[in-house]
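Chain by chain, the residues run as shown.
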Amino acid sequence: MSTLALSRRRPGEGGALPVFASQEALLAFAIIGIAIVVGLDNPRFLATRNLTDIVLGNAYIAVAAIGMSMVIVSGNIDISVGSLIGVLATISGSLAVAGVPMILVWLTPLVVGVLVMALQGAVIAYLRIPSIVVTLGMLSILKGGLISVTGGRWITDLPQAFHLADIELFGILPMPVLMMVTATILAALWMRYSAKGRAIYATGGNAEAARLCGVSPRRTVMMVFALHGLFAGIAALLFATQLKVIQSTVPPNLELTVITAAVVGGVSILGGVGTVVGSTLAAILIAEIASALVFINVSPYWIHAVQGGLILVTVIADILRRRRRQVGG
């Protein structure tokens, strides 16, 4: 099978495509259902400001989940993304306060994100070190380096022009929503229809078979991590520019939230299966659940238990589906 033929295969071909569709539909119904149920109990939940805050305040997580989805589909995982977003946000804020031209302030997190993740991808692909080991090491380097360099100081006096997240296109479309939707659509189309996007599925599904079809698993993995770094840079920019003060620390549990969004969105933790549309919907669902807990007078700390439960249920369901296909095949 040629690389071109491989690129024409649909995500999850062989019976998995309906699962994607049902997974995304299930997430959409869950978002609507939770809004209705919680709204009946506490109408303030359905207030325009609260619904807007749910989407705007968590658009950066959805963007980061796009890159994470690609990484997991390729058969890898990254647990350093939370630390990287914290570092990139700090870099961006520091440059803004220093008076660097705003275009460079906005572009620098993207470039640094690509370089850091491409380095990790190269180590994983060419030295054949498990991704969880490499990214765990990078997590420690980034988290420790951030505190050591900044001393935990907060970045204040950010210029007004820095706040990209406050911009509204045509006065009605917030920039975070625009970037989230645009990134999701472009990534989904690229993964579905391009040869390089199809190579990600092939590598995650069976790297050796992909190699025999003309795909280079090593280059694919490095490319995936570089793209992941790009989305992490965009996420960091959205995260930093929505704040009035940037704390020079790593956002707590951010990597868990991003991974949860990818997995609950339908990406198989075993690789080779998943879409970025599902991860975006899952990110919104997780943010909605966190907000709903507050409105129904449940401790927001339960969101961590909910995330863990969602991961376990989704992974178990994915494994059972795979076993049924193997038995049926």
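In case you missed it, the structure is sitting above this.
### Side note on the overall build of the protein chain
Link 1 in the chain: Scanning the protein chain from N- to C-terminus turns up 14 helices and four strands.
Link 2 in the chain: Taken over C-alpha atoms, the radius of gyration comes to 20 Å for the protein chain, in line with the 20 Å a tight globule of 329 residues would show.
Link 3 in the chain: With respect to the principal axes defined by its C-alpha atoms, the protein chain has extents near 60 × 50 × 35 Å.
Link 4 in the chain: Expressed as a percentage of the 329 residues in the protein chain, the buried residues total 50%.
Link 5 in the chain: The long-range fraction of contacts in the protein chain, counting pairs at least 24 apart against all pairs at least 6 apart in sequence, stands at 80%.

### Focus on the side chain of T203
Link 1 in the chain: In this fold, T203 is placed in helix α9 (residues 195-205).
Link 2 in the chain: Under the relative-accessibility criterion, T203 is labelled buried at 6%.
Link 3 in the chain: Among the polar contacts listed, one links the side chain of T203 to the backbone oxygen of A199, at a separation of 2.8 Å.

### A short note on helix α4 (residues 59-73)
In an α-helix, one turn spans 3.6 residues, which is why side chains three or four residues apart end up on the same side.
Link 1 in the chain: With 15 residues, α4 should cover 21 Å at 1.5 Å per step; its first-to-last C-alpha distance of 21 Å lies within 8% of that length.
Link 2 in the chain: Judged by how many residues are buried, α4 sits mostly within the fold: 15 of 15 residues are covered.
Link 3 in the chain: Directly beyond the C-terminal end of α4, a positive phi value near 95° is found at G75.

### A few points about empty space enclosed by the protein
Link 1 in the chain: Evaluated as defined, the whole model comprises two cavities of 30 Å³ or more.
Link 2 in the chain: There is about 40 Å³ of room inside the second largest cavity.
Link 3 in the chain: Taken together, V263, G266, V267, S268, I269, T314, V315, D318 and R321 form the lining of the second largest cavity.
Link 4 in the chain: Looking at the lining of the second largest cavity element by element, the count peaks at four residues for helix α14 (residues 302-328).
Link 5 in the chain: Counted by class, the lining of the second largest cavity contains four nonpolar, three polar and two charged residues.

### Side note on the packing of helix α12 (residues 254-264) against helix α13 (residues 276-295)
Link 1 in the chain: Close contact between α12 and α13 brings their axes to 7 Å; oriented N to C, the two are set at 125°. Classified by the interaxial angle, the pair formed by α12 and α13 is oblique. Handedness of the α12/α13 crossing: right-handed. Touching T257, T260, A261, A262 and V264 of α12 are G278, S279, A282, A283 and I286, all from α13.
Link 2 in the chain: Broken down by class, the residue content of the contact of α12 with α13 amounts to six nonpolar, four polar and no charged.

### Some details on the environment of L256
Link 1 in the chain: With respect to the helices and strands, L256 occurs in helix α12.
Link 2 in the chain: Here the alpha-carbon distance between L256 and I311, two residues 55 residues apart in the chain, equals 9.8 Å.

Reading guide: rules and limits
Residues numbered from 1 in each chain as written. Predicted model: local features only at pLDDT ≥ 70, side-chain atom pairs only at ≥ 80, totals over all residues. Heavy atoms only, no water. Helix = DSSP H or I, 4+ residues; strand = E, 2+ residues; numbered from the N terminus. Rg over C-alpha atoms; globule rule 2.2 N^0.38 Å. Buried < 20%, exposed > 50% of the residue type's maximum accessible area, 1.4 Å probe, protein only. Contact = heavy atoms within 4.5 Å. Polar contact = N/O pair within 3.5 Å; in protein donor to acceptor, adjacent residues only side chain to side chain. Expected span 1.5 Å × (residues − 1). 1 Å grid on protein atoms, 1.4 Å probe; cavity = no way out; pocket = protein on both sides within 12 Å on 5 of 7 lines; lining within 4 Å. Points joined across faces, edges and corners; volume = space filled by probe spheres on them. Nonpolar A, V, L, I, M, F, W, Y, C, P; charged D, E, K, R; others polar. Axes fitted to C-alpha atoms, helices over the stretch in contact; angles between N-to-C directions. Parallel < 35°, antiparallel > 145°, perpendicular 65-115°, else oblique. Left-handed = near helix turned anticlockwise from the far one by under 90°.

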